[in-house]
Each structure stands twice: as C-alpha cells, then as structure tokens.
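Secondary and tertiary structure notes
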Amino acid sequence: MIELKNITKIFRQKDREIIALSDVSLKVEPGKIYGVIGTSGAGKSTLIRCVNLLEKPTSGDVIVDGKNLTVLSGSQLARERRQIGMIFQHFNLLSSRTVSENVAFALELDHVPKVKIKARVSELLKLVGLEEKANDYPANLSGGQKQRVAIARTLANNPKVLLCDEATSALDPGTTRAILNLLKDINQRLNITILLITHEMAVVKSICDFVAVISEGKLIEQGTVSDIFVNPKTELAKEFINTSLHVEIPDFYMRRLKSADPGNLSPLLKLHLTGATANGPVLSQAARLFDVDTKIISAQMDHAGEKNFGVILTELSGNRGNYPNVIEFFINNQIKVEILGYV
Ligand SMILES: Nc1ncnc2c1ncn2[C@@H]1O[C@H](COP(=O)(O)OP(=O)(O)OP(=O)(O)O)[C@@H](O)[C@H]1O
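Below you will find a few notes about this structure. (Residues numbered from 1 in each chain as written. Predicted model: local features only at pLDDT ≥ 70, side-chain atom pairs only at ≥ 80, totals over all residues.)

**Topic: the nonpolar core**
Basically, it comes down to this: Only buried residues count toward a nonpolar core: Ala, Val, Leu, Ile, Met, Phe, Trp, Tyr and Cys, linked into one set through C-beta atoms within 7 Å. As a rule, residues whose C-beta atom has 12 or fewer other C-beta atoms within 10 Å are exposed, those with 20 or more are buried, and those in between are partly exposed; C-beta atoms are placed from the backbone. Domain start and stop positions are those given by an automatic or database domain assignment.
Within the largest apolar cluster, 90 residues are counted, with the highest numbers of intra-cluster contacts made by Val 51, Val 103, Ala 152, Val 161, Leu 163 and Leu 195. Both domain 1 (2-243) and domain 2 (251-342) contribute no fewer than three residues apiece to this core.

Rendered as structure tokens:
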C-alpha cells in the first residue's frame, strides 16, 4: 500500500547540506500498522512527510496504492492525497471552528451537500466517541479529545492510508493508550493502513505489526515487531527495547542499597533477557547448580513468538562463594547482567 524506494532527502542551506534521509526503502502492506522509531533528529518527520509529499524527496520514489506520487502533476497529486490522512502531535485543529465544523472542513471543501456532511460528521464523531462534544470549541477539549477530533477529521475523506506524526507524544500514558486503541480499532474496522513515527518503543509494541529503526537518516533495522523484540541486531534497537521495559528498585531497597559489599550483603542484579537468551528457566537452574536463592524483587517479562524477553531485578542469597559463578552462568546464557549494588 505504501512503498518508499531509495528515498534521499537533502536540505540545502546557504553554506551546507543536511542529509535528512539517505537511501531509505520500506514497504507497508495493506491493512498493516508500520512504526518507524528513532531518536530526535533521526529523520522521522522528514520520512513521514515524504509519504504525502509535504516534503519532496531529493531522489527516490513514493508509491501509494500503486501510484508513483513523485511523477504526478499538482492536480493529480491533490487527488491522490485525499487517500492519505494525517494526524499530528499538536493536533492542528482550527480554533475558530467547533468540533463538528472541524470534522466537516474537508467535506465542505469538496462541496459535499450539507445534509450528507451532517450525517457523515455525526457518524465520525460516534466512531471516535465524541458525539457529546460536537458543538464545543477545541480550546475546551483535553489533548486526547483534540486528537480524536483530528482523527475524525482526517477520516472524513475515507482515506486508505493514515500517517501518524508522533500522534501520542503530547498525551499522558492513559490517554496515549486510549488513542492507540482507537487507531488499532480504526485499522481493523476500516482496514486503513497506518504508518506512524514515534520515539517510544511502547507505542510500537502496543499496536504495530512491523517496525523500522531510523538513525541519522538511515533505516538500520526493520522487521516484524516480534522479530525485533526477540532478536534486536543493532545497539539502538536494544536501547529502545530496554526503555520500553520498566523495572524500578522499590524505595525500601533503594534506601538499603550499598555500592560495595563489606562481606555480608547480597548482590542486587538486573538481568536483561533478549531473544538471544536461552529460553530456559535460568533462575531455578542457577539456584540448583550453585546452591543459591534468587528472590525476584521486580520484573517485566513479555514474549514474542515462543521467546521471552524482559528485565528482572533479583537478589541473590545462599552460598556466597558461588555468586561469581551464578553471574557467569547468566552471562553464558546471553543474559546481560548489571550489579546494581548490595543489600
Ligand atoms: N526544513 C528543514 N531545513 C533544514 N534542515 C531540516 C529541515 N527539516 C529537518 N531538517 C533536518 O533534518 C534532520 C532530520 O529532521 P527530522 O525533523 O526529520 O527528525 P526527527 O527524527 O523527526 O526529529 P524530532 O523527533 O526531533 O522531530 C535534522 O538534522 C533536521 O535538523
């Protein structure tokens, strides 16, 4: 449904060139949700804006629904753009128009008869759960409600593709979940293909089928979300996965935590399990092999396919002489081990 072929985008300034995208290729199959993740300045916005040619690539082809947008005339491009909806981090609503009037905007431009507009607007507001706000102005809405209006507005033209430019970055975690659920619902009910950009792996994990990692304008890794989570190849992908797994040291542990062991304390370990990690019951194996106990303090485990991945905070006790052997055993099982301190 969306294909980017060898896209390069160079911004030319007076005395220098900025290569925002370098030979980027990706393919989003119809009906799928594809996430592009990267840090600030990596080229995410430029990439998503190239899909509807808000940003014209310096070279390469943008093919949406079988048509190469880069070779179309202005009027042909305008027609094809109606197939491509877009929502933004800061919603971009018209503040002088009510919720209904915002949603109706594109239909008015298309000279759709008033009766039809009314019916379509109320259908869309129902879809996004905002019927009771129809006559409110954007200033009186929460961030999540504003994004729902933006989604309703962009769906008015029945687009085949929805581009989401950091659509949940300005929202709190609960509202983020609700908007992501809405996007997933829209994707499934209306079979709309979604391309989103984000800097949060949690967003990718919750709704995407595929993900690409972008760094300094290049796609350095792409695949199904479960493949990337289970077997991340680049350091950056690993970092993003780690930031999506939260384990915290409880306060009462934090207060007791010492940086060195005077000889009678227990190490507090943070174990990072990835797809490379043998999928065995490593904690109980370590306990049996080395006569130690492993108390789980906090953990966040997830699975993709048949593999587990996640983070575990565990306190060792028991046969003190074997602590180094336990750590070596974990490392030999491809578990990254951090000693956070001693309790
Ligand atoms: N109009 C422009 N003119 C010149 N340089 C630009 C322009 N737009 C973007 N850039 C540069 O291109 C690079 C990629 O920017 P882009 O906004 O695509 O990154 P991003 O990953 O979306 O970052 P962020 O998450 O901070 O929005 C950056 O170095 C940026 O400074």
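**Here we look at the site of the ligand**
Inclusion rule: The rule is simple: place the C-beta atom from the backbone, and if it lies within 6 Å of a molecule or strand, the residue is near it. Per the convention used, a helix needs a DSSP run of H or I reaching at least four residues, while a strand needs a run of E reaching at least two, with both numbered from the N terminus. Side-chain classes are defined by residue name, with Ala, Val, Leu, Ile, Met, Phe, Trp, Tyr, Cys and Pro counting as nonpolar, Asp, Glu, Lys and Arg as charged, and the others, Gly among them, as polar.
Taken together, the neighbourhood of the ligand is formed by 13 residues, with Phe 11, Ala 20, Ser 40, Ser 45 and Thr 46 sitting nearest. For the shell around the ligand, the elements supplying multiple residues, two or more each, are strand S2 (17-28) and helix H1 (44-51). When the residues that make up the shell around the ligand are grouped by side-chain class, the tally is 4 nonpolar, 8 polar and 1 charged.

**Considerations on the environment of Ile 220**
Inclusion rule: A pair of residues counts as a contact when their C-beta atoms, built from backbone coordinates, are within 7 Å of each other.
Examined against the element boundaries, Ile 220 turns out to sit in strand S10 (residues 218-224). With 196 residues separating them along the chain, Ile 220 and Val 24 place their C-alpha atoms 9.5 Å apart. In contact with Ile 220, not counting residues within four places along its chain, are Val 213, Ser 215, Thr 234 and Leu 236.

**A word on the pairing of S10**
Here is the rule: Should DSSP find at least two bridges between two strands, the strands are taken to pair.
Bridge count between strand S9 (residues 210-215) and S10: 6 bridges; the pairing is antiparallel. Paired with Ala 212 across the strands is Gln 222, a residue of S10. Counting the residues that bridge the hairpin from S9 to S10 gives 2 residues, and of these Glu 216 lies at a positive phi of roughly 45°.

**Things to note about unusual backbone geometry**
In this model, Asn 158 sits at a positive phi of 55°, which is unusual for a non-glycine residue. By the secondary structure assignment, Asn 158 is in the loop between helix H5 (143-155) and strand S7 (161-165). Judged by the 11 C-beta atoms lying within 10 Å of it, Asn 158 is exposed. For Gln 334, which is not a glycine, the phi torsion comes out positive at approximately 60°. When you line up the elements, Gln 334 lands in the loop between helix H12 (323-332) and strand S14 (336-342).

**Some remarks on the sheet that holds strand S6 (residues 84-88)**
Under the convention used in this document: Angles run from 0 to 180 degrees between N-to-C directions of axes, and those axes are lines fitted to C-alpha atoms, restricted for helices to the stretch in contact.
One open sheet accounts for 6 strands, arranged S6-S7-S8-S3-S9-S10; its pairing is mixed. Of all strands in the sheet, those with a lone pairing partner are S6 and S10, marking the two edges. Taken over all neighbouring pairs, the strand axes of this sheet differ in orientation by 15° on average, direction set aside. Pairing of strand S3 (residues 33-37) with S9 involves 4 bridges; the strand directions are parallel. Bridging from a neighbouring strand, Gly 35 pairs with Val 211 of S9. Here H1 sits on the sheet and contacts S3, S6, S7, strand S8 (193-198) and S9; the angle it forms with S8, its principal contact strand, is near 155°. Against the sheet, helix H9 (residues 235-243) engages S3, S9 and S10, with an angle of about 115° to S9.

**Let's talk about the packing of helix H3 (residues 99-109) against H5**
Here is the rule: Note on angle classes: values under 35 degrees are labelled roughly parallel, values over 145 roughly antiparallel, values of 65 to 115 roughly perpendicular, and the remainder oblique. Should the near helix be turned counterclockwise from the far one by less than a right angle, the crossing is left-handed, whereas a clockwise turn marks it as right-handed.
It is the contact of H3 with H5, at a shortest axis distance of 7 Å, that shows an interaxial angle of 30°. If you check the angle between H3 and H5, you find them roughly parallel. Here H3 runs over H5; the crossing is right-handed. For the pair H3 and H5, the contacting residues are Val 99, Asn 102, Val 103, Phe 105 and Ala 106 in the first and Val 149, Ala 152 and Arg 153 in the second. Among the residues making up the contact of H3 with H5, the classes are represented as 6 nonpolar, 1 polar and 1 charged.

**Things to note about helix H6 (residues 173-190)**
Put simply, the test is: Expected span of a helix, by definition, is 1.5 Å for each gap between consecutive residues, and there is one gap fewer than residues. Directions from the helix axis toward the C-beta atoms define the arc.
Look at H6: 25 Å from first C-alpha to last across 18 residues, which is about the 26 Å you get at 1.5 Å a residue. Among the residues making up H6, those that are buried are Thr 176, Ile 179, Leu 180, Leu 183 and Ile 186. Each buried residue of H6 sits inside an arc of 120° when the element is viewed along its axis, so together they form one side. Structural note: H6 exposes Gly 174, Asn 181, Gln 188 and Arg 189 on the side pointing more than 90 degrees away from its buried face. Taken together, the buried residues of H6 touch H5, S7, S8 and helix H7 (201-207). The positive-phi residue at the C-terminal boundary of H6 is Asn 191, with phi of around 55°.

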